[in-house]
Amino acid sequence: MYLTPCYIMLLQQVTSSQFIDLHIVVLECMIGLREMENLELQTKKELSSLSLEWSYAYADSSDKYASSERGMQNRAVFEKLQPHDSLEILCIKNYAGVDFPRWMSLLPNLVQLKIVGMQFEYLHLDQFQNLKELFLSRVQFAHLHLNGLQNLIELSLSGLKFGHLHIDQLQNLRELKVSGVEFQHLHLERLQNITELKLSEKRFERLQIDQLQNLKELKFSSVEFGHLHLERLQSITKLELCKKQFEHLHLVQLENLRQLYLFTVKFECVVLHQLQNLEELHLSQIESQKSNKPVCIECSQPLRKLQKIVMTKIINKGLQISMQGGEGDKNLFPGLQHLEMELCENLRFQPSIPRSTHYIISGEIYFDNFNYRRILGSFLFPSFKQVMGTSIPGSTSRMEIKNTSGLSSERWKSIPHLELLNITELTIDKCVDSCPVPKCILGWKSLQKLEIRRCEDIELLPEWLGEMSCLTELIVETYWMEALHPCIRRLTNLQSLTLITCLNRFKERCKSGDDWINIKHIPHIQITDRNGRTEIISPSCT
């Protein structure tokens, strides 16, 4: 429940069983203290979450006299908002009082505390013995003592400035996030139970984390340090490096690493040594330190457990993935099941694209503030000359093309080497085009299934589709289509035709009208109208 002061008196009419979450905003507005007492939050036993928010500009006032007077007023208001001692979650934003009310130390069941936008000389939180989650953002203070919070599991610090941070005795701490925080010393070596560490927007001369033997997830974003040693972190399973520059990035001895993320990273070469348990590789906005050179990823041996590669916003870049030393044309990722390229315009594999059982090529469709549809990514097919490794007899691949436009344009007409991917199933999803099928698929002799989903601008199917005699299954969400193209009649091997979201008149044309003659050779026909009514048509019974 969200309330502003002008409606806060309505709270008196709400019984405790009617809500469990209360959010009061713009508390700087004048409210009578006697009226605040009448709220009787202490009686509302079911209230488990309370959020109290002042305006940010108000809390940041530069008028010292006004700030002092308002601070006393805020303190008095805050004091009257005492909840029942069963409260579990408390959030305080932009509070400009002189200190906290006494009742904050009388919440024995409080497990989560969030403090945003405040300034204190000392911040003592040791009284919250049962606290498990603590979030501090844009809070200024000289000293922060947290060592008394022995039950704390998650700690998040953002936009803070202080001299010393004492957390080395938090033996139960599992997750630590530090972003944009200024301090002189950070000691983590005693936090033996920590499993997740995220550091961003910070500079360290030396960061000692090699004693965190239970660390599972590690993230660095815009972090500067003189030395980084990860080889002792044998338990780490997820590593994320963002906004960083390396000449050579050697990931050695991380034998349990499962997920690797490289976002907005500039490097000459990434060497994936001994990552035999790696399952996912995520690359976003990566580039080479040398503008005329491709980004290089090298492996010392095939990564047999790698199942998923996701590439995002790699634009006008060459990507070279090879065996260290350039040995042969081995398939470096024999278990790859998912290769996704999102907003990767003019991505060039030099020379080989990884062989995968599932390819996804996508742009982005969104609506702006004026509700106009915007499309990012107009031509997203990667270029390559060959597919990594040799094809296994009987192996097949699927492909999805989604969230893009102009599939019927000349640019998508002829794309070399795509037939080498051996695609048997193609799904075109949410693409903006009146004829959302690219002509480059005409040479795919292995294509058996074509599915067109959520393409709301569709008006027709292309005439050349009739030349794809290999098709056995066709699924189309027809939306505003008035008729099927007669080319369907030439698809003599088509065994199944599914038409979805059909207009009633289109449905009738297919059942017994002008379109029936073009589809009556198909053994299985299923038609679903806009109301969700489905009919299965058997040509033998017609």
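Residues numbered from 1 in each chain as written. Predicted model: local features only at pLDDT ≥ 70, side-chain atom pairs only at ≥ 80, totals over all residues. Heavy atoms only, no water.

A. Region of the structure containing the overall build of the protein chain. Along the protein chain, the regular secondary structure elements total five helices and 36 strands. Classification of the 542 residues of the protein chain by burial places 48% in the buried group. Considering only contacts within the protein chain whose residues lie at least 6 apart along the sequence, 45% involve residues at least 24 apart. Only carbon and sulfur atoms are counted for the fraction: they give 45% of the accessible area of the protein chain, which is about 26,000 Å². (Helix = DSSP H or I, 4+ residues; strand = E, 2+ residues; numbered from the N terminus. Buried < 20%, exposed > 50% of the residue type's maximum accessible area, 1.4 Å probe, protein only. Contact = heavy atoms within 4.5 Å. Areas by Shrake-Rupley, 256 points an atom, 1.4 Å probe, with all protein chains shown as cover.)

B. Main features of the environment of leucine 262. Looking at the secondary structure, you find leucine 262 in strand β16 (residues 259-267). A relative accessible area of 1% places leucine 262 in the buried class. Once the C-alpha coordinates of leucine 262 and leucine 281 are considered, the two residues, 19 residues apart in sequence, prove to be 8.2 Å apart.

C. Geometry of the pattern of salt bridges. The final tally for this structure, using the stated rule, is 20 salt bridges. Notably, a salt bridge pairs glutamate 175 with lysine 177, separated by 3.1 Å at the nearest N-O pair. Judged by its relative accessible area of 15%, glutamate 175 falls in the buried class. Given the relative accessible area of 27%, lysine 177 is considered partly exposed. Notably, a salt bridge pairs arginine 258 with glutamate 279, separated by 3.7 Å at the nearest N-O pair. Placement of arginine 258 in the loop between β15 (248-251) and β16 and of glutamate 279 in the loop between β17 (269-272) and β18 (280-284) is noted, with a sequence separation of 21 residues between them. Overall, glutamate 279 belongs to the partly exposed group, its relative accessible area being 32%. Within this structure, Lys507, Glu508, Lys511, Asp529, Arg533 and Glu535 form a network of salt bridges that share partners. (Salt bridge = Lys/Arg side-chain N within 4 Å of Asp/Glu carboxyl O.)

D. Seen up close, the packing of aromatic side chains. Evaluation of the coordinates by the stated rule reveals eight aromatic pairs. Taking the centre distance of 5.0 Å and the plane angle of 50° together, the rings of tryptophan 54 and tyrosine 95 count as tilted. Of this pair, tryptophan 54 sits in the loop between β3 (49-53) and α2 (56-59) while tyrosine 95 is found in the loop between β4 (89-93) and β5 (112-119), placing the two residues 41 residues apart along the sequence. The pair tryptophan 54 / tyrosine 95 is uniform in exposure class, with both members buried. Pairing tyrosine 261 with phenylalanine 263 gives two aromatic rings, centres 5.6 Å apart and planes at 85°, and the pair type is edge-to-face. For tyrosine 261, a relative accessible area of 12% gives the class buried. Cluster of aromatic residues (ring-pair linked, three or more members): Trp54, Phe78, Tyr95, Phe100 and Trp103. The side chain of arginine 530 reaches across the aromatic face of tryptophan 480, ending 4.2 Å from its centre. (Phe/Tyr/Trp six-rings, centres within 6.5 Å; stacked < 30°, edge-to-face > 60°. Lys NZ or Arg CZ within 6 Å of the ring centre and 35° of its normal.)

E. Just the environment of valine 265, in detail. The residue valine 265 is located in strand β16 in this model. When the C-alpha positions of valine 265 and leucine 241 are compared, they lie 7.4 Å apart, and in sequence the two are 24 residues distant.

F. Broad picture of helix α4 (residues 504-511). Buried residues of α4: Phe506, Lys507 and Cys510, and no others. All buried residues of α4 project into a common sector of 100° when viewed along the axis, lining one side. Tucked into the core, α4 has its buried residues touching β34 (496-502), α5 (516-519), β35 (524-529) and β36 (534-537). (Arc of directions from axis to C-beta.)

G. Main features of unusual backbone geometry. Cis peptide bonds are those with omega within 30 degrees of zero, and the linkage from glutamine 350 to proline 351 qualifies with -5°. Along the polypeptide, proline 351 turns up in the loop between β24 (348-349) and β25 (352-353). At lysine 430, a position not held by glycine, the phi torsion is positive, near 55°. Note on placement: lysine 430 falls in the loop between β31 (423-429) and β32 (449-453). Although it is not a glycine, threonine 501 sits at a positive phi angle of roughly 55°. By the secondary structure assignment, threonine 501 is in strand β34. The class for threonine 501 is buried, based on a relative accessible area of 17%.

H. Just the confidence of the model for the protein chain, in detail. Within the protein chain, residue pLDDT values average 84, and 84% of them lie at 70 or more. Mean pLDDT across the secondary structure elements of the protein chain bottoms out at α2, with 53, and peaks at strand β33 (residues 473-477), with 98. (pLDDT = per-residue confidence, 0-100.)

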